[in-house]
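Now for the letters of each chain:
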2 protein chains.
Amino acid sequence: MEENFQSALTEREGIEQPMQVNPNLTRHKRRVLSLDDYVEGILKGDRVILSRAITMIESANPEHFEMAQAIIERCLPHSGNSLRVGITGVPGVGKSTFIESFGTMLTGMGHKLAVLAIDPSSERTKGSILGDKTRMEALSVDPHAFIRPSPSGSTLGGVARKTRESIILCEAAGFDVILVETVGVGQSETVVKSMVDFFLLLMLAGAGDELQGIKRGIMEMADGLVINKADGDNKAKAVGAKAQYRAALKLFPKNESQWDVPVEVCSALEGYSIDKVWKMILQYEALTKANGYFEKNRTEQHVNIFYNWINFTLQNDFYNNEEKATEIERLLPLIREKRISPYMAASKVIRNE
Amino acid sequence: MEENFQSALTEREGIEQPMQVNPNLTRHKRRVLSLDDYVEGILKGDRVILSRAITMIESANPEHFEMAQAIIERCLPHSGNSLRVGITGVPGVGKSTFIESFGTMLTGMGHKLAVLAIDPSSERTKGSILGDKTRMEALSVDPHAFIRPSPSGSTLGGVARKTRESIILCEAAGFDVILVETVGVGQSETVVKSMVDFFLLLMLAGAGDELQGIKRGIMEMADGLVINKADGDNKAKAVGAKAQYRAALKLFPKNESQWDVPVEVCSALEGYSIDKVWKMILQYEALTKANGYFEKNRTEQHVNIFYNWINFTLQNDFYNNEEKATEIERLLPLIREKRISPYMAASKVIRNE
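Summarised in this report is the structure supplied together with it. (Residues numbered from 1 in each chain as written. Chains lettered and ligands numbered in written order. Predicted model: local features only at pLDDT ≥ 70, side-chain atom pairs only at ≥ 80, totals over all residues. Heavy atoms only, no water.)

### Here's the deal with the sheet that holds strand S2 (residues 113–118) of chain A
All names here are of chain A.
1) Next: Strand order in the open sheet formed by 7 strands is S3-S2-S4-S1-S5-S6-S7, with parallel pairing between adjacent strands. Unpaired on one side and paired on the other, strand S3 (145–147) and strand S7 (263–265) mark the two borders of the sheet. Ignoring which end each strand starts from, the neighbouring axes of this sheet average 25° apart.
2) Next: Pairing between strand S1 (residues 83–88) and strand S4 (residues 177–182): 5 bridges, direction parallel. Across the sheet, arginine 84 pairs through a bridge with isoleucine 178, a residue of S4.
3) Next: The strands touched by helix H11 (residues 234–250) are strand S5 (198–204), strand S6 (224–228) and S7; relative to S7, the strand with the most contacts, the crossing angle is about 175°. (Pairing = 2+ DSSP bridges. Helix = DSSP H or I, 4+ residues; strand = E, 2+ residues; numbered from the N terminus. Axes fitted to C-alpha atoms, helices over the stretch in contact; angles between N-to-C directions. Contact = heavy atoms within 4.5 Å.)

Structure below.
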């Protein structure tokens, strides 16, 4: 029992932590830190303290919440100096291998890389994308990489908030590339898109059945498409798919960023063309920093978070009200059977009629 | 002054009304109707009474609101027996000509057609899509067509509600094809998509600059693409574009409806292939009624309206609160300058800190 608790704690501290076996060490690590301790530790790039601060963000304890907010406010002026890259793709596209290969290349170039995740399903499946260290062997022990599994939570809004706040702390700690991964459950792509500078869609060659898993609308959200697993017999197929996607993308209107969405092929397994993906992202950064879109997008993201969080809170308070929930359950069948107009039903719930 | 008022009234009664010049007739028309008068009139298919009921829906007067809600509740069990078709396309695509030609064909086949619109900009521009009778000369005097300009309103949610409620009354009045048109300002396509069975995107040939006006994401929303103005020199270009779009659409995942989104070319001006568009819609109806998606989609739409209207009302009440509005104005620059986290700012506004 105690051991389970300890290992759960260790996991929450960030999976990059070696297992704590010495109880003295454990005690030392768990000493209560002051706000100044946290902020100074983060700004120094102390990964253990960063990890503990993120645990505060993820905690459901109201005391932790207050502390987390104070840390964030102090770190906020030191945040923003990174490239935030979102990554999505259907299961089987080779996301872990890609991040392992891409991330190792980046740290090799001198970057400090934080890998975060949005996976609202992780609680249910226990299959958090980044939870399994073994899938990113090199990166998980890389001293310049910081990997954090998806926070748990019952609402996507809450999970997103935790990840957004973690980004602030990671940036304050000096990480200059932030990868945010998602498996694309529900609305999670939209959420990731709303917190990154560049949104990368990993795909597979063979524009047929394999693509059925990609949700409608995702392709139009992407700032770059990368066809992975271009190795062996697949390589020719990937190159063919690239041409098809290029043609399809030409039919879409341009983004406000004025960026022409490129398509690349790569093999994360063989390390083939992984560098081109990074070059693509840097080109995007150069273009959008020059034309002002980069900053504009970030500012808009901030303003949107503000409004979204107001709306989220209003709704959360409303739907968590037991009386309202009961009334909604009573009305739903009547709405489905067209015995009451949905507008009338909504008014009833709001006005407690 | 009096005359202006009268003509404004006439316009609100529905543009299919001939100008009232005889004051006795006008008085007769304006007599106060009881709830039963309204409901019986609508169920009999009386277009004048239908028009007046929709005016009630569109009115800002609280008394009218109560009456409108009562009418809707009574009509609700008689609604639903229509095909609801949404139509969008950039300005210049020939939407009015298309609706004129398509609508006249439908009434010629014995259908009763109602044409409604969602145009949140109509108030500002005074250029309501359907406001100008001259653009649909034949349809506006067709006894089997009922044309209603876009309701005005300051919020898209409010405008959408009025159109959705008008659909219920039109169906109760026996209209079996409802066209809902939009010019695609802001989020209006999403709103139209959420109230129709089939969403048609009109396009132009020449997959280049002309398409830039189509917003990202719209193409993935469409249940059918129609390339209009396939006449004269344009015809070959339209056929070429059709092939391109077919190829592009194949790269998209299928809708839950299992429908393969078709691409047609037509010329509304010459009446060429307008019948194919109707055939396309009927095929969709047959498939989705057979596989259950048609009803499922409508039920989901109802449930979504219910939740959306709750959320809309919560937000509307919140943002219309003067104190909150002042506080938001004060905080926005701080958020933009990254001097406060958007989450913290949102909490401040909600908790009145």
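### A word on the interface of chain B and chain A
1) Next: Between chain B and chain A, the residue contacts involve 61 residues of the former and 60 residues of the latter.
2) Next: In total, chain B and chain A occlude about 5,700 Å² of area from one another, counting both sides; carbon and sulfur atoms represent 66% of this.
3) Next: Viewed at the interface, chain A and chain B are joined by 0 salt bridges.
4) Next: Inspection of the chain B/chain A interface yields 8 residue pairs in polar contact (both at pLDDT 80 or more).
5) Next: Taken together, the elements giving at least two residues each to the side of chain B that touches chain A come down to helix H5 (62–75), helix H9 (156–172), helix H11 (234–250), helix H13 (293–319), helix H14 (322–336) and helix H15 (342–351) of chain B.
6) Next: In terms of residue class, the side of chain B that touches chain A is built from 36 nonpolar, 13 polar and 12 charged. (Buried area = accessible area lost by both parts, 1.4 Å probe. Salt bridge = Lys/Arg side-chain N within 4 Å of Asp/Glu carboxyl O. Polar contact = N/O pair within 3.5 Å; in protein donor to acceptor, adjacent residues only side chain to side chain. Nonpolar A, V, L, I, M, F, W, Y, C, P; charged D, E, K, R; others polar.)

### What to know about the side chain of serine 257 of chain A
All names here are of chain A.
1) Next: You can see serine 257 is positioned in the loop between H11 and S7.
2) Next: The class of serine 257 is buried, set by a relative accessible area of 1%.
3) Next: With sequence-adjacent residues up to four places away left out, serine 257 is seen in contact with Tyr284, Leu287, Thr288, Asn291 and Tyr293. (Buried < 20%, exposed > 50% of the residue type's maximum accessible area, 1.4 Å probe, protein only.)

### Focus: the side chain of arginine 161 of chain A
1) Next: Turning to its location among the elements, arginine 161 of chain A is positioned in helix H9 (residues 156–172).
2) Next: One polar contact links arginine 161 of chain A to glutamine 69 of chain A, side chain to side chain, over a distance of 3.2 Å.
3) Next: Contacts of arginine 161 of chain A, omitting those with residues within four sequence positions, involve Phe65, Gln69 and Trp309 of chain A together with Tyr343 of chain B.

### As for the packing of aromatic side chains
Aromatic ring pairs are reported here in terms of the distance separating the ring centres and the angle at which the planes meet.
1) Next: If you walk through the whole model with that rule in mind, you get 20 aromatic pairs over all chains.
2) Next: With a centroid separation of 5.0 Å and an interplanar angle of 85°, the aromatic rings of tyrosine 343 of chain A and tryptophan 309 of chain B are classed as edge-to-face. Of this pair, tyrosine 343 of chain A sits in helix H15 (residues 342–351) while tryptophan 309 of chain B sits in helix H13, on two different chains.
3) Next: Note on tryptophan 309 of chain B: relative accessible area 12%, which makes it buried.
4) Next: An aromatic cluster of at least three residues, connected via ring pairs, comprises Phe306 and Tyr307 of chain A together with Phe318 and Tyr319 of chain B.
5) Next: Here the guanidinium or amino end of lysine 235 of chain B rests over the ring plane of tyrosine 272 of chain B, the centre of that ring lying 4.0 Å away.
6) Next: For the cation-ring pair, lysine 289 of chain B lies above phenylalanine 294 of chain B, with the distance from its terminal atom to the ring centre recorded as 4.7 Å. (Phe/Tyr/Trp six-rings, centres within 6.5 Å; stacked < 30°, edge-to-face > 60°. Lys NZ or Arg CZ within 6 Å of the ring centre and 35° of its normal.)

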